[in-house]
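# A closer look at the structure
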Amino acid sequence: MKPVLPNQPIHPWQQRYHRNGPDYRFNSDISFSEIQAQFGFATIRLGRWVSPTEQQLAANLIFDALADLSFMLNVPPSVIGLRGSLHLAFGTDGNIDAKAHYQPGKRTLALAKNAGGGALAHEFWHAFDHYICSHLYPQSRCLLASDAWLNEQNYAAHPLNDALIAIFDTTLLSVDKNNPSEYLATAIALDKQSHSYYLSKPTEALARAFEAFIQDGKISNNFLASGTKQSKLAKSGGYPKSPLREQLNQNFARYFNLLGRALQN
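First, a word on scope: everything that follows refers to the structure included in this document. (Residues numbered from 1 in each chain as written. Predicted model: local features only at pLDDT ≥ 70, side-chain atom pairs only at ≥ 80, totals over all residues. Heavy atoms only, no water.)

### As for the packing of aromatic side chains
Two descriptors summarise a pair of aromatic rings, namely the distance from one centre to the other and the angle between the planes of the rings. Under the definition given, this model contains 15 aromatic pairs. Ring geometry for Tyr255 versus Phe256: centroids 5.0 Å apart, planes at 80 degrees, classification edge-to-face. In this structure, Tyr255 and Phe256 share a single accessibility class: buried. Following the ring pairs from residue to residue traces out a cluster consisting of Phe124, Trp125, Phe128, Phe210, Phe213, Phe252, Tyr255 and Phe256. (Phe/Tyr/Trp six-rings, centres within 6.5 Å; stacked < 30°, edge-to-face > 60°. Buried < 20%, exposed > 50% of the residue type's maximum accessible area, 1.4 Å probe, protein only.)

### Quick word on the environment of Asp162
Along the chain, Asp162 falls in helix 6 (residues 159–172). On the basis of relative accessibility, which here comes to 38%, the residue Asp162 falls in the partly exposed class. Once the C-alpha coordinates of Asp162 and Arg208 are considered, the two residues, 46 residues apart in sequence, prove to be 21 Å apart. Within the local environment of Asp162, its side chain forms a polar contact with the side chain of Tyr155, the two groups lying 2.7 Å apart. (Helix = DSSP H or I, 4+ residues; strand = E, 2+ residues; numbered from the N terminus. Polar contact = N/O pair within 3.5 Å; in protein donor to acceptor, adjacent residues only side chain to side chain.)

### Some thoughts on helix 10 (residues 244–264)
If you check helix 10, its first and last C-alpha atoms are 30 Å apart, about what 21 residues at 1.5 Å a residue would give, namely 30 Å. Within helix 10, the full set of buried residues consists of Leu244, Arg245, Leu248, Asn249, Asn251, Phe252, Tyr255, Phe256, Leu259 and Gly260. Seen end-on, helix 10 carries its buried residues on one side only, within an arc spanning 165 degrees. The outward face of helix 10, more than 90 degrees from its buried face, is lined by the exposed residues Gln250 and Gln264. Tucked inside the fold, the buried residues of helix 10 contact helix 3 (52–73), helix 4 (120–136), helix 6, helix 7 (182–194) and helix 8 (202–215). (Expected span 1.5 Å × (residues − 1). Arc of directions from axis to C-beta. Contact = heavy atoms within 4.5 Å.)

### What to know about unusual backbone geometry
With an omega of 0 degrees, the peptide bond between Ser242 and Pro243 qualifies as cis. Position of Pro243 among the secondary structure elements: in the loop between helix 9 (232–235) and helix 10. Phi angles above zero are rare outside glycine, and His195 is one such case at about 55 degrees.

### Looking at the pairing of strand 4 (residues 100–103)
Of the two faces of strand 4, the one lined by Ala100 and Tyr102 is fully buried and the one lined by His101 and Gln103 carries no buried residue. Bridge count for strand 4 against strand 5 (residues 108–111) is four bridges, and the pairing is antiparallel. Paired with Tyr102 across the bridge in strand 5 is Leu109. Hairpin geometry of strand 4 and strand 5 is characterised by an intervening segment of four residues between the two adjacent antiparallel strands and by a positive phi of about 50 degrees at Arg107. (Pairing = 2+ DSSP bridges.)

### Structural notes on the packing of helix 6 against helix 10
The interhelical angle for the contact between helix 6 and helix 10, taken along N-to-C directions, is 160 degrees, at an axis separation of 9 Å. Relative to helix 10, the element helix 6 lies roughly antiparallel. Between helix 6 and helix 10 lies a crossing of left-handed hand. Touching Leu160, Ala163, Leu164, Ala166, Ile167, Thr170 and Thr171 of helix 6 are Leu244, Gln247, Leu248, Asn251, Phe252, Arg254, Tyr255, Leu258, Leu259 and Ala262, all from helix 10. (Axes fitted to C-alpha atoms, helices over the stretch in contact; angles between N-to-C directions. Parallel < 35°, antiparallel > 145°, perpendicular 65-115°, else oblique. Left-handed = near helix turned anticlockwise from the far one by under 90°.)

So, in structure tokens, the structure goes:
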């Protein structure tokens, strides 16, 4: 993002979001059409209440975050748009309480205008979880691979799928695979305290583990991922802790490195 000149007003987003990573844009502004082309999104939709200034700030933030994600995963940019199947929306909900979410029925990753930052990696995992299900469990009727993992016995044999299942198993199961992992057990306890079933859902537990992997990466971008270390949820055990966290980080890195190499061959 371009530096703010002394006489220019500072937008709240410029104060809230911080990044330390490569300058992919060479300090130039980017457009949403360039984002769509670079990362292979099916469509990008902007809300009617997003001003031109906000559009430009958001485009730069989103481009940097997605480029960081592609770089850290070591995959081609087209993986971020899930090979042309993923739609992106920014500021379209019109709900002041809305943050960020993935809509499976529309295959849309939606970011709220003022509250979506920090959740991009989390929601990307949900989109990936949906996209990869048919490759991991071709016969399953589940929408998400994490739900299929919970309900199905066998997955399609393939080195990539073996590496992905290792992520699922390590996140959710004890070493002997007979009990929940300590991380999942904590999520179950937190759900019991709040009389809900959310944190311990496999898809949510995996998304938080992926967030932690991204925030632990060499690039710091709190528009992409934040809150996995010092937030109230993190301190209560809602994100993986050491040594499981390091093991999961290795598993995520191995899987996406394998995926990147497979797509480049």
